[in-house]
Amino acid sequence: MPIQTHYRQEAPASSGAFSSGQGGEGRGAPRLQLLLTPHKSLTPEGFVWFIGVTAALIAVPLFPVLGTSVFWALLPFMAAAIAGIWFSLKRSWRDMELFEEITIWDDLIRIERHEPRRATPLDWEANPYWVRVSLHGKGGPVPNYLTLSGGGREVELGSFLTPGERSQLKSTLERELRPLPT
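Residues numbered from 1 in each chain as written. Predicted model: local features only at pLDDT ≥ 70, side-chain atom pairs only at ≥ 80, totals over all residues. Heavy atoms only, no water.

Q: Sorry, what's going on with the sheet that holds strand 8 (residues 153-157) here?
A: Hydrogen bonds between backbone atoms are what pair the strands of a sheet, whose relative direction is either parallel or antiparallel. Spatial strand order, 6-7-8: 3 strands in an open sheet with antiparallel pairing. In the strand order of this sheet, the two ends are held by strand 6 (132-136) and strand 8, each with one partner. When the angles between neighbouring strand axes are averaged without regard to direction, this sheet yields 25 degrees. With 5 bridges joining them, strand 6 and strand 7 (residues 145-150) adopt antiparallel strand pairing. Across the sheet, the residue bridging to Ser134 is Thr147, located in strand 7. Each of strand 6, strand 7 and strand 8 touches helix 3 (residues 163-177); the most contacted strand, strand 6, lies at about 160 degrees to it. (Pairing = 2+ DSSP bridges. Helix = DSSP H or I, 4+ residues; strand = E, 2+ residues; numbered from the N terminus. Axes fitted to C-alpha atoms, helices over the stretch in contact; angles between N-to-C directions. Contact = heavy atoms within 4.5 Å.)

Q: Could you clarify how one ought to interpret the pattern of salt bridges in this entry?
A: Pairing is possible between side chains that carry opposite charge, provided their charged atoms lie close to one another. Throughout the structure, instances matching the rule amount to 10 salt bridges. Among the salt bridges present, the one from Glu174 reaches Lys170, with a minimum N-O distance of 2.7 Å. Placement of the pair is Glu174 and Lys170 together in helix 3, with a separation of 4 residues, close to one helical turn. A relative accessible area of 33% means that Glu174 is categorised as partly exposed. For Lys170, a relative accessible area of 19% translates into the label buried. (Salt bridge = Lys/Arg side-chain N within 4 Å of Asp/Glu carboxyl O. Buried < 20%, exposed > 50% of the residue type's maximum accessible area, 1.4 Å probe, protein only.)

Q: Even after reading the chapter, I still don't get the pairing of strand 7, so can you show me in this structure?
A: Two faces, one strand: in a regular strand the side chains alternate between the faces of the sheet. For strand 7, the tally of buried residues reaches 5 of 6 residues, placing the bulk of the element in the interior. Between strand 7 and strand 8, which pair antiparallel one after the other, the connecting turn spans 2 residues, and Gly151 there sits at a positive phi close to 65 degrees.

Q: How should the nonpolar core be read in this particular structure?
A: The nonpolar side chains of soluble globular proteins are, as a tendency, buried together. One finds Ile102, Ile109, Trp124, Leu148, Leu157, Leu169 and Leu173 to be the most contacted residues of the largest nonpolar core, which totals 22 residues. Excluding its chain neighbours within four sequence positions, the residues that come into contact with Leu169 are Ile3, Leu34, Leu36, Ile102, Leu146, Leu157 and Leu161. (Core = buried A, V, L, I, M, F, W, Y, C linked by side-chain atoms within 4.5 Å.)

Q: What is the right way to look at helix 1 (residues 44-59) in this model?
A: Quick reminder: α-helices carry 3.6 residues per turn. Residues three or four places apart thus point the same way. Relative to the 22 Å expected for 16 residues at 1.5 Å per residue, helix 1 spans 23 Å between its end C-alpha atoms, a close match to the ideal helical length. Among the structural elements, helix 2 (69-95) are those in contact with the buried residues of helix 1. (Expected span 1.5 Å × (residues − 1).)

Q: Honestly, the packing of helix 1 against helix 2 in this entry has me stumped. Any pointers?
A: When two helices pack together, their arrangement is given by the angle between the helix axes and by the axis-to-axis distance. Where helix 1 contacts helix 2, the two axes come as close as 10 Å, and the packing angle between them is 160 degrees. It follows from the interaxial angle that helix 1 and helix 2 lie roughly antiparallel. Helix-helix and strand crossings are classified by hand; for helix 1 and helix 2 the assignment is right-handed. Contact residues: Pro44, Phe47, Phe50, Ile51, Thr54, Ala55 and Ile58 in helix 1; Met78, Ala81, Ile82, Ile85, Trp86, Leu89, Lys90 and Trp93 in helix 2. (Parallel < 35°, antiparallel > 145°, perpendicular 65-115°, else oblique. Left-handed = near helix turned anticlockwise from the far one by under 90°.)

Q: What is the right way to read the environment of Pro143 from this model?
A: For Pro143, the position within the fold is in the loop between strand 6 and strand 7. Separated by 20 residues in sequence, Pro143 and Pro163 have C-alpha atoms that sit 5.9 Å apart. When sequence neighbours within four positions are dropped, the list of residues in contact with Pro143 reads Gly137, Pro163 and Arg166.

Q: What is the right way to read the packing of aromatic side chains from this model?
A: The way to describe two aromatic rings as a pair is by their centre distance and the angle between their planes. Following the criterion strictly, the structure yields 4 aromatic pairs and no others. Taking 4.9 Å as the distance between ring centres and 65 degrees as the angle between the ring planes, the aromatic pair formed by Phe47 and Trp86 counts as edge-to-face. Taken as a pair, Phe47 in helix 1 and Trp86 in helix 2 lie far apart in primary sequence, 39 residues in all. Seen in terms of ring centroids, Phe71 and Trp72 are 5.0 Å apart; in terms of plane orientation they differ by 85 degrees. Their pairing is edge-to-face. Residue classification places Phe71 among the buried residues on the basis of a relative accessible area of 12%. Ring pairing ties together the aromatic residues Phe47, Trp86 and Trp93, which thus form one cluster. (Phe/Tyr/Trp six-rings, centres within 6.5 Å; stacked < 30°, edge-to-face > 60°.)

What follows is the structure in structure tokens.
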């Protein structure tokens, strides 16, 4: 599931400190936590089936030449094709191990982006009262380009989500970033 949502169940309390990096220490339970992940359509079992069926289909042209020198000439190319598909799919999976974690307290919003090839996560913090959510229908690198601005910076959210999921995320964030009644 690309967007996992966790709302605070109990009233705000100073006990039960939640720690999400340096920004969340001692703030109590967050009001909202979102975990954004890219959609992965191929499961590990599906990967095994895909490689097996592909290998079987690629091997079909080898049956008529089984036991001849042509078989040995074609076999390395067939094996290279299967290996290329295998490594490409594995690389795609590693690239999709990225995720974004959004945590909102009453006085802080913190975003961490974890990428597979980066040792430390990218992070951004601001006061939720001053944060503005913008959904750019056109003109961005992706349709429904979603950004948050505040704390002197503008950050992109969920570039790996579908346009509909970005719209849904915008609605959720706008609802949660409204100032609390005093």
